[in-house]
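Now for the letters of each chain:
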Amino acid sequence: MSAADTPRTPVAARIAPALVGTAVLAVVWWLWSSGMADEIMVYKSDITYLSVQHLKLVAWGGALSILVAVPIGVLLSRPSMQRVANAIMQVFNILGTVPTLAKLALCMSLLGIGTLPAIFGLWTATLLPIVHNTYSGLKAVPAHLIEAATGMGMTPRQVLWRVEFPNALYVIFGGIRTAMAICIGSAPLVFLIGAGGLGELIFTGIALDELPMMLAGAIPTALLAVGVDFLLGQAQYHLIPRGINPLR
């Protein structure tokens, strides 16, 4: 392959990492030069404890979403569900437009306060991306692959697990990554219904007009979102086989 035939990386894709890196360095420099970092580290023990609590809530909400949403997406993609699939997807779309705070308020009114309504609220907030991507990924599998598998004598279940699901896995992973980012970003709100998490520092800092306390909750929340997305991205890259993974 000649140099002229080598694919070129878009300019935006080359500039974006540099801009993000510059912004991160600017924030770090401001934190240290202003002494804000020292004020934030006063809450080090709280950050550690609440981060673990935050991750537990996210893990429960995210895991339950995956366990429920993926089968729903698979079910809706079946030919027998073709007549009602779009209507059901519209229901999920409507539910996705409801603000997370409103969902948590409804959960609190039905289930009380504490961990259970918090996990239920995070579960409902993260269903849509996984259901949508599972359904879209399976419907986007090329028809000739399904026809070839059927012609080889595979049963519908074998076609699903050996042909359709592997080809849709990259898109499904994209939905899971989006859902987990939403879950981590929404989890601070569960402090308002007595479930703890990093929202305790964020909302207490807002109430007391204490910027260091607020940042002590906001910065770890952002870092958790970036870290979890990075880990899921690595899993997406390494677990999906070469040939059906556009990144490899």
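In case you missed it, the structure is sitting above this.
Residues numbered from 1 in each chain as written. Predicted model: local features only at pLDDT ≥ 70, side-chain atom pairs only at ≥ 80, totals over all residues. Heavy atoms only, no water.

Caption draft 1: Summary view of the pattern of salt bridges. Considering all chains together, one arrives at two salt bridges under this definition. Among the ionic pairs, Arg-78 bridges to Glu-164, the shortest N-O distance being 3.0 Å. One end of the pair, Arg-78, is in the loop between α3 (44–76) and α4 (82–97); the other, Glu-164, is in helix α9 (residues 156–186), and 86 residues separate them in sequence. For Glu-164, a relative accessible area of 7% gives the class buried. (Salt bridge = Lys/Arg side-chain N within 4 Å of Asp/Glu carboxyl O. Helix = DSSP H or I, 4+ residues; strand = E, 2+ residues; numbered from the N terminus. Buried < 20%, exposed > 50% of the residue type's maximum accessible area, 1.4 Å probe, protein only.)

Caption draft 2: Fine view of the side chain of Thr-134. Structurally, the position occupied by Thr-134 is in helix α7 (residues 127–139). Judged by relative accessible area, Thr-134 falls into the buried class, the value being 0%. Engagement of the side chain of Thr-134 in a polar contact is seen with the backbone oxygen of Ile-130, the distance being 2.7 Å. (Polar contact = N/O pair within 3.5 Å; in protein donor to acceptor, adjacent residues only side chain to side chain.)

Caption draft 3: Just the packing of aromatic side chains, in detail. With the rule as written, the count across this model stands at three aromatic pairs. For the pair Phe-120 and Trp-123, a centre-to-centre distance of 5.3 Å together with 45 degrees between the ring planes defines the contact as tilted. Of this pair, Phe-120 and Trp-123 are both found in helix α6 (residues 115–125), three residues apart, which corresponds to roughly one turn of the helix. Given the relative accessible area of 37%, Phe-120 is considered partly exposed. Note on Phe-191 and Phe-203: the rings are 6.3 Å apart at their centroids and 15 degrees apart in plane angle, and the pair reads as stacked. You can see Phe-191 sitting in the loop between α9 and α10 (199–208) and its partner Phe-203 sitting in helix α10, a full twelve residues away along the chain. A relative accessible area of 25% means that Phe-191 is categorised as partly exposed. On the basis of relative accessible area, Phe-203 is assigned to the partly exposed category, the value being 25%. (Phe/Tyr/Trp six-rings, centres within 6.5 Å; stacked < 30°, edge-to-face > 60°.)

Caption draft 4: Region of the structure containing unusual backbone geometry. One non-glycine residue, Asp-209, lies in positive phi territory at about 55 degrees. Looking at the element boundaries, Asp-209 is found in the loop between α10 and α11 (211–239). Taking the relative accessible area as the measure of exposure, Asp-209 reaches 69% and is therefore exposed.

Caption draft 5: How the structure looks around α6. The complete set of buried residues in α6 reads Pro-117, Ala-118, Ile-119, Gly-121, Leu-122 and Ala-125. Looking at the buried positions of α6, the neighbouring elements they touch are α3, α5 (100–111), α7 and α9. (Contact = heavy atoms within 4.5 Å.)

Caption draft 6: Focus on the state of the cysteines. In this structure the tally under the stated criterion is zero disulfides. Left unpaired, Cys-107 is separated from the closest cysteine sulfur, that of Cys-183, by 12 Å. (Disulfide = S-S within 2.5 Å.)

Caption draft 7: Structural view of the packing of α3 against α7. Between α3 and α7, the shortest axis-to-axis distance is 8 Å and the interhelical angle comes to 35 degrees. As for the relative orientation of α3 and α7, their crossing is right-handed in sense. Contacts from Ser-65, Ile-66, Val-68, Ala-69, Val-70, Ile-72, Gly-73, Val-74 and Leu-76 of α3 reach α7 at Leu-127, Ile-130, Val-131, Thr-134, Tyr-135 and Leu-138. Of the residues in the contact of α3 with α7, the class split is twelve nonpolar, three polar and no charged. (Axes fitted to C-alpha atoms, helices over the stretch in contact; angles between N-to-C directions. Left-handed = near helix turned anticlockwise from the far one by under 90°. Nonpolar A, V, L, I, M, F, W, Y, C, P; charged D, E, K, R; others polar.)

Caption draft 8: Up close: the environment of Val-70. By the element assignment, Val-70 lies in helix α3. Assessed through its relative accessible area of 14%, Val-70 is described here as buried. Taking the C-alpha atoms as reference points, Val-70 and Asn-133, separated by 63 residues in sequence, lie 8.8 Å from one another.

Caption draft 9: Inspection of the nonpolar core at higher detail. Of all hydrophobic cores here, the largest spans 48 residues; its most connected members are Ile-40, Leu-57, Leu-76, Val-190 and Leu-201. Of all the elements in the fold, those that place two or more residues in this core are α2 (36–41), α3, α4, α6, α7, α9 and α11. With nine residues, α9 is the single largest residue contributor to this core. With near-sequence residues (within four places) excluded, Leu-201 lies in contact with Tyr-43, Asp-46, Ile-47, Leu-50, Met-213, Met-214, Ala-216 and Gly-217. (Core = buried A, V, L, I, M, F, W, Y, C linked by side-chain atoms within 4.5 Å.)

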